[in-house]
There are 4 protein chains.
Amino acid sequence: MEKTRVGIIGMGRIGKIHYANIKNQIENADVVAISDPYFDSDLGIPNVDAHEVFNNKKVDAVIICSPTDTHADYISASAQAGKHIFCEKPHDLSIHRVIETLDEVHEAGVKLMLGFNRRFDPNFQKIKSLIGMGEIGDVHLLKITSRDPSPPSLEYLKSSGGMFLDMTIHDFDMARFIMGKEVKEVFAVAGAFVSKDVEIAGDFDTAVVTLKFNDGTMAVIDNSRKAVYGYDQRLEIFGSNGMAKVDNNKPDTHVLYNQHGAHGSLPLNFFMDRYTMSYQMEMEMFIKAINTNSEMPVTGTDGLKALLIALAAQKSVEENRPVQIEEIGKNASIIL
Amino acid sequence: MEKTRVGIIGMGRIGKIHYANIKNQIENADVVAISDPYFDSDLGIPNVDAHEVFNNKKVDAVIICSPTDTHADYISASAQAGKHIFCEKPHDLSIHRVIETLDEVHEAGVKLMLGFNRRFDPNFQKIKSLIGMGEIGDVHLLKITSRDPSPPSLEYLKSSGGMFLDMTIHDFDMARFIMGKEVKEVFAVAGAFVSKDVEIAGDFDTAVVTLKFNDGTMAVIDNSRKAVYGYDQRLEIFGSNGMAKVDNNKPDTHVLYNQHGAHGSLPLNFFMDRYTMSYQMEMEMFIKAINTNSEMPVTGTDGLKALLIALAAQKSVEENRPVQIEEIGKNASIIL
Amino acid sequence: MEKTRVGIIGMGRIGKIHYANIKNQIENADVVAISDPYFDSDLGIPNVDAHEVFNNKKVDAVIICSPTDTHADYISASAQAGKHIFCEKPHDLSIHRVIETLDEVHEAGVKLMLGFNRRFDPNFQKIKSLIGMGEIGDVHLLKITSRDPSPPSLEYLKSSGGMFLDMTIHDFDMARFIMGKEVKEVFAVAGAFVSKDVEIAGDFDTAVVTLKFNDGTMAVIDNSRKAVYGYDQRLEIFGSNGMAKVDNNKPDTHVLYNQHGAHGSLPLNFFMDRYTMSYQMEMEMFIKAINTNSEMPVTGTDGLKALLIALAAQKSVEENRPVQIEEIGKNASIIL
Amino acid sequence: MEKTRVGIIGMGRIGKIHYANIKNQIENADVVAISDPYFDSDLGIPNVDAHEVFNNKKVDAVIICSPTDTHADYISASAQAGKHIFCEKPHDLSIHRVIETLDEVHEAGVKLMLGFNRRFDPNFQKIKSLIGMGEIGDVHLLKITSRDPSPPSLEYLKSSGGMFLDMTIHDFDMARFIMGKEVKEVFAVAGAFVSKDVEIAGDFDTAVVTLKFNDGTMAVIDNSRKAVYGYDQRLEIFGSNGMAKVDNNKPDTHVLYNQHGAHGSLPLNFFMDRYTMSYQMEMEMFIKAINTNSEMPVTGTDGLKALLIALAAQKSVEENRPVQIEEIGKNASIIL
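Residues numbered from 1 in each chain as written. Chains lettered and ligands numbered in written order. Predicted model: local features only at pLDDT ≥ 70, side-chain atom pairs only at ≥ 80, totals over all residues. Heavy atoms only, no water.

## Some remarks on the UniProt feature "domain: GFO/IDH/MocA-like oxidoreductase" (unreviewed entry) in chain A
- UniProt annotation of "domain: GFO/IDH/MocA-like oxidoreductase" (unreviewed entry) refers to residues 124-244 of chain A when read in the numbering used here.
- Between the C-alpha atoms that bound residues 124-244 of chain A the distance is 11 Å, and the span itself is 30% helix and 36% strand. (UniProt positions renumbered as here; feature names shortened; annotations may be inferred. Helix = DSSP H or I, 4+ residues; strand = E, 2+ residues; numbered from the N terminus.)

Listed below in structure tokens is the structure:
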């Protein structure tokens, strides 16, 4: 089998993860080009302008890890150059721009995968598999807890699109992935409790979002931008045959008992440690879908639908009422 | 110290618990009369008509465990007879009737305790105490999971007032107890997934309820009438200094590891096993408040406020919108 | 069914537990007499000389909770008076005296139960039941951890017979109970690490004891007189089909996560809290064996065999070699 | 900094792990030669005769992963060629041969590390670090549980040196590592319960080993060659300030609650999954010790001392008595 030749645009934290995973873990892919003007390590691979990557005939697929506001343009350019695309979330903060570029991807006949890496985490995969095996029975309720260790900088917050589009969007995708159904209605309550910057940015940092699916079943997501005890990523599924839940991963299994109590380790605090396996599996699945010419495990439509839920959640907070997805999606009817 | 002399009205499951707790666990109280026409064991205590209990000069306090539709009348009769009152929840399904009898209790100068026993559970007490000690910091979010092992009979459902007034009302009280704040707004989604009877009764059996408190902080409650794995009673509190949670109690601590997996015991399945300690403590606190002439740990107003939240939740499902407590409580303004 | 009428000799901590359990939990037994010159509460029951209890025709059974050095004499007196006997461990520190009184019990045709209460603990019962159901398969290895929160007083230590006869004897009985086999050989290592008093008393406070059963399978017990984190009572069983273990009981299920770690409650610290249920069940089983005229669940022979193991352990430490039970039991051959 | 150039002798399971770790995880080392006649993948590195590796001037260090009976010879050859040495355990089954080659290593002035990888496991490192920080206080007792998922082949068993030299030797090293003290006396009981092959090989498959350290403190190790629920690797440390334990690692954190119980995942079943991190850290430490010219974290003497304990355990079973290390080590007095 020939190796898939990959170009990476953006060698920040995430770009470096994908680079290392392809290099060390994936046998049938090679990174043949990178593009990042601020990256100056010598990997023995040409570091070129982004457009040289798109135009490089030796590149089969492009991995887009550059800032969010470049995503849509780079997806467009990759599609036009006939390259398969892996793009970090979010695709774009504008529905119209997302739809426009998805159309281009469709017309170009290339594959696009969105970087919702958490789907590939062994804990969440286990939950999905238990549901698939019928261990939960008819699923009635999904609960997601998703809390960050600390809020981002004011600068980041200002261009993030708000907590729902920046952070909760992972949970919206997770809800669709786990439930295997479409969300119909969203109700959200939110507040700014943990950070002055969040207030200055006109954003919120704490939220509870209730999702109603098209068959009346439900999900509830709770978020905080600041869990002092670390990165808190848990999930529980409840149904007619039982309930399953997954807990955080910890760096070790120790428990210390002394006269003050029983003490254990905190959850892995950094998303790159917590989701090490999911980043590996994600990239493996991307390369595999190219090599076997099969459908991407996370599509552009998945990205669009998560975005619609996020926008509905935002509107729900603004207007303090449940918001129907179809209110948001009206203009997006061709794709959905 | 003289012993408090107690009469028990209703010797069903709950009446028997209170009887046994007073007899076996509480030194400074005696049961001197019971009233239950269907109860025929000989406890060596006169089993008389309810009104003979109220009129008995040797009775200091009355414990009302008879059917819900008798509660308000018996509270009224007890108050008029100058007896302190312990009444199982709910006081009454009508706000007006509740307020009316609370006025009578107030005028009679007797003490009234509502039977929200879960407040006295060691797990929930521990959470309350951690908050009190500042271990959680500013509290941002409360999560309550409350699931019954199986739905009640159709007959019971028909007169129950609906899931929110019958079952979730415990969780509404718990939310106020743990947060130490008043609920301002309620949003609920609900469905009937687990029982035909529930559908016939026009009720629901699964719900997610979001509460907004007067300072903008939040709670979310999830309920099911049927958890096949048993009685599921958990709680989690999150704030600026940390998070604490309590899990279910189990009959033993065993874990069996075999080739199929690691297996442990299910949660205690029966509310009387799960809440053994809370029933004991509840009755102890009732007797103590009488003996020390201090305030009851759960008052009639606590019962009324939980009722308002339950009615708001019901209206929220009916009208699919967040409902303000003050919409429900308009006519109850004198008490609140 | 007629109630069994019980007399209690010794109303210290343990005597009071048995009294309360019979009074509050056991329907078909009554305490009709007690004997304790230092006990002055008025229970409405005559407090008389021990011999008046033995001679009282209205007493069916005697519960002996007086100091160890009275046990054998009181067993003897009870047997001669034709009363069934419950005796707290140890029966006596001398094998000869134990055998002598067991002979008297046998001749008198009364029943004798030794107070190895831990057998009735729900955790250990669960392990026993898993073995009985074949869940462990052929059992190869038993591990018992048994640690006290703090060493006893020097005065107590001096007359205790040493750690193996006083403390580990519970674990020796547990090993026989769980394995359902006889111990053949004992090897023990021990030290005095936690208490000056223990050294003064010529005793030890920390030990590891290896037991070999008659079929070559094994158990290992580890003890300490001082676990600063509380009363540590755990057990693990390993065999051809799997492994099962039980953990300590805790007062609540809370876990607090803050920036320093994840923190939970310590094990129940006091043996009377830890073994509440086992004391109840033990007394229930004693009364039931009398009422149904069936064999006692813990016999005098069980007490004797645990004593032999304890003496073997002691000899093993003294001579630093494995000791055969038959070396100790030579003179006890009639009974074994 | 210049990279350390490594040759690997033996590219079986373990050789491949070390190869991959150096290639993917360790920046300042390169594998420049391998030697394995049965290995035919093309890694782009010359696969040569072992002696060509020793004679290769571009090789700084040799990693010996070939069969046990070649270890001593290859250590000798490496030392004579002036290469640093990493050797998988065991060094050799003969004390005399071990001492002989350790002398050669010493004279050659090269560094030697023995492959006791478990020392570098995050769980055991955490225990070591808690002890170092005084969290346990004076350490009184160490407990190690070490069980394999299934026994090796008869062929392997015949040349393994027996369970203590092949399997328990890891636990003997762990005991020395955790306690930071020397073992003085060993007592072992053992049986053959799980495998006919083990009986045929005259070996045993189940054991309990008690170690006494030079200050009287203790450790107890329990082993089985066949835990049907997987690879069981736990440890507990007890002392004057508290107790700490580590549990097995699991592939995910899920718990499924259904009507039959609460079910979770089994421990990671394969030593290469369980000890992934420890193999990485081990190799990193080896390279670091070379690059910084500092002492190896596991020395040849560590290997020798573990071997002495293993031989003492074997003698203890054969003679059913506690065996002093100095009985075994008499002839090894120069080194110890």
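Let us keep going from here.
## A look at the relation of the copies chain A and chain B
- Superposition of chain A onto chain B requires a rotation of 180° combined with a translation of 0.0 Å along the rotation axis, giving an RMSD of 0.0 Å. Expressed as a symmetry operation, the mapping of one chain copy onto the other fits a two-fold axis. When C-alpha distances to the rotation axis are compared across chain A, the minimum falls at A:Arg321, with a value of 2.9 Å.
- Here 100% of the contact residues of chain A are again contact residues in chain B; the copies associate through an equivalent surface. (Least-squares fit on C-alpha atoms with pLDDT ≥ 70 in both. Contact = heavy atoms within 4.5 Å.)

## What to know about the UniProt feature "domain: Gfo/Idh/MocA-like oxidoreductase N-terminal" (unreviewed entry) in chain A
- Those residues carrying the UniProt feature "domain: Gfo/Idh/MocA-like oxidoreductase N-terminal" (unreviewed entry) are residues 5-116 of chain A in this numbering.
- The straight-line gap between the two end C-alpha atoms of residues 5-116 of chain A is 22 Å; of that span, 41% is helix and 21% is strand.

## Topic: the interface of chain A and chain D
- Between chain A and chain D, the contact holds 24 residues from the first and 24 residues from the second.
- Summing both sides of the interface, chain A and chain D together bury roughly 1900 Å²; the carbon and sulfur share of this comes to 53%.
- Area buried by chain A at its contact with chain D is led by A:Thr253, A:Leu256 and A:Tyr257, which between them contribute 26% of it.
- Taken together, the connections running from chain A to chain D amount to zero salt bridges.
- For the side of chain A that touches chain D, the elements supplying multiple residues, two or more each, are helix 5 (122-132), strand 11 (242-246) and strand 12 (255-258) of chain A.
- Element by element, the count of residues in the side of chain A that touches chain D is highest for strand 11 of chain A, at five residues.
- Residue composition of the side of chain A that touches chain D, grouped by class: ten nonpolar, nine polar and five charged.
- Bridging between strand 11 of chain A and strand 12 (residues 255-258) of chain D involves four bridges; their strand directions are antiparallel. (Buried area = accessible area lost by both parts, 1.4 Å probe. Salt bridge = Lys/Arg side-chain N within 4 Å of Asp/Glu carboxyl O. Nonpolar A, V, L, I, M, F, W, Y, C, P; charged D, E, K, R; others polar. Pairing = 2+ DSSP bridges.)

## Quick word on the relation of the copies chain A and chain D
- Overlay of chain A on chain D (RMSD 0.0 Å): rotation 180°, translation along the axis 0.0 Å.
- A shared interface surface links the copies, since 100% of the contact residues of chain A are contact residues in chain D too.

## Focus: the pattern of salt bridges
- Enumeration according to the criterion identifies 103 salt bridges over all chains in this entry.
- We note a salt bridge from A:Arg119 to A:Asp173, for which the minimum N-O separation is 2.7 Å. Placement of A:Arg119 in the loop between strand 5 (112-114) and helix 5 and of A:Asp173 in helix 7 (residues 163-179) is noted, with a sequence separation of 54 residues between them.
- Accessibility expressed as a relative area gives 1% for A:Asp173, which makes it buried.
- When the shortest N-O distance is used, the salt bridge between D:Arg321 and D:Glu319 registers 2.8 Å.
- Linked by salt bridges that have partners in common, A:Arg119, A:Asp173, A:Arg176, A:Glu182, A:Asp302 and A:Lys305 make up one network. (Buried < 20%, exposed > 50% of the residue type's maximum accessible area, 1.4 Å probe, protein only.)

## Topic: the side chain of C:Ser160
All names here are of chain C.
- Residue placement: Ser160 occurs in the loop between helix 6 (154-158) and helix 7 (163-179).
- Residue class for Ser160 comes out buried when judged on its relative accessible area of 6%.
- In terms of polar contacts, Ser160 uses its side chain to reach the backbone carbonyl oxygen of Leu157, at 2.8 Å.
- From its side chain, Ser160 meets the backbone nitrogen of Gly162 in a polar contact 3.1 Å long.
- When neighbours within four sequence positions are excluded, Ser160 is seen to be in contact with Leu93, Leu165, Asp166 and Asp203. (Polar contact = N/O pair within 3.5 Å; in protein donor to acceptor, adjacent residues only side chain to side chain.)

## Here we look at the sheet that holds strand 5 of chain A
Residues and elements named next belong to chain A.
- What the five strands build is an open sheet, ordered 2-1-3-4-5; its pairing is parallel. The two strands at the open ends of the sheet, each matched to only one other strand, are strand 2 (29-35) and strand 5. Across this sheet, the average inter-strand angle for adjacent strands is 20°, counted without regard to direction. (Axes fitted to C-alpha atoms, helices over the stretch in contact; angles between N-to-C directions.)

## Overview of the interface of chain A and chain B
- Contacts between chain A and chain B engage 42 residues on the former and 42 residues on the latter.
- Where chain A abuts chain B, roughly 3100 Å² becomes buried across the two surfaces, and 67% of that area is made up of carbon and sulfur atoms.
- On the chain A side of the interface with chain B, the three residues burying the most area are A:Phe193, A:Met218 and A:Phe238, jointly 18% of the side's total.
- At the junction of chain A with chain B, the criterion picks out eleven residue pairs in polar contact (both at pLDDT 80 or more).
- At the level of elements, strand 6 (139-147), strand 7 (183-191), strand 8 (206-213), strand 9 (218-224), strand 10 (232-239) and strand 11 of chain A are the ones that each hand at least two residues to the side of chain A that touches chain B.

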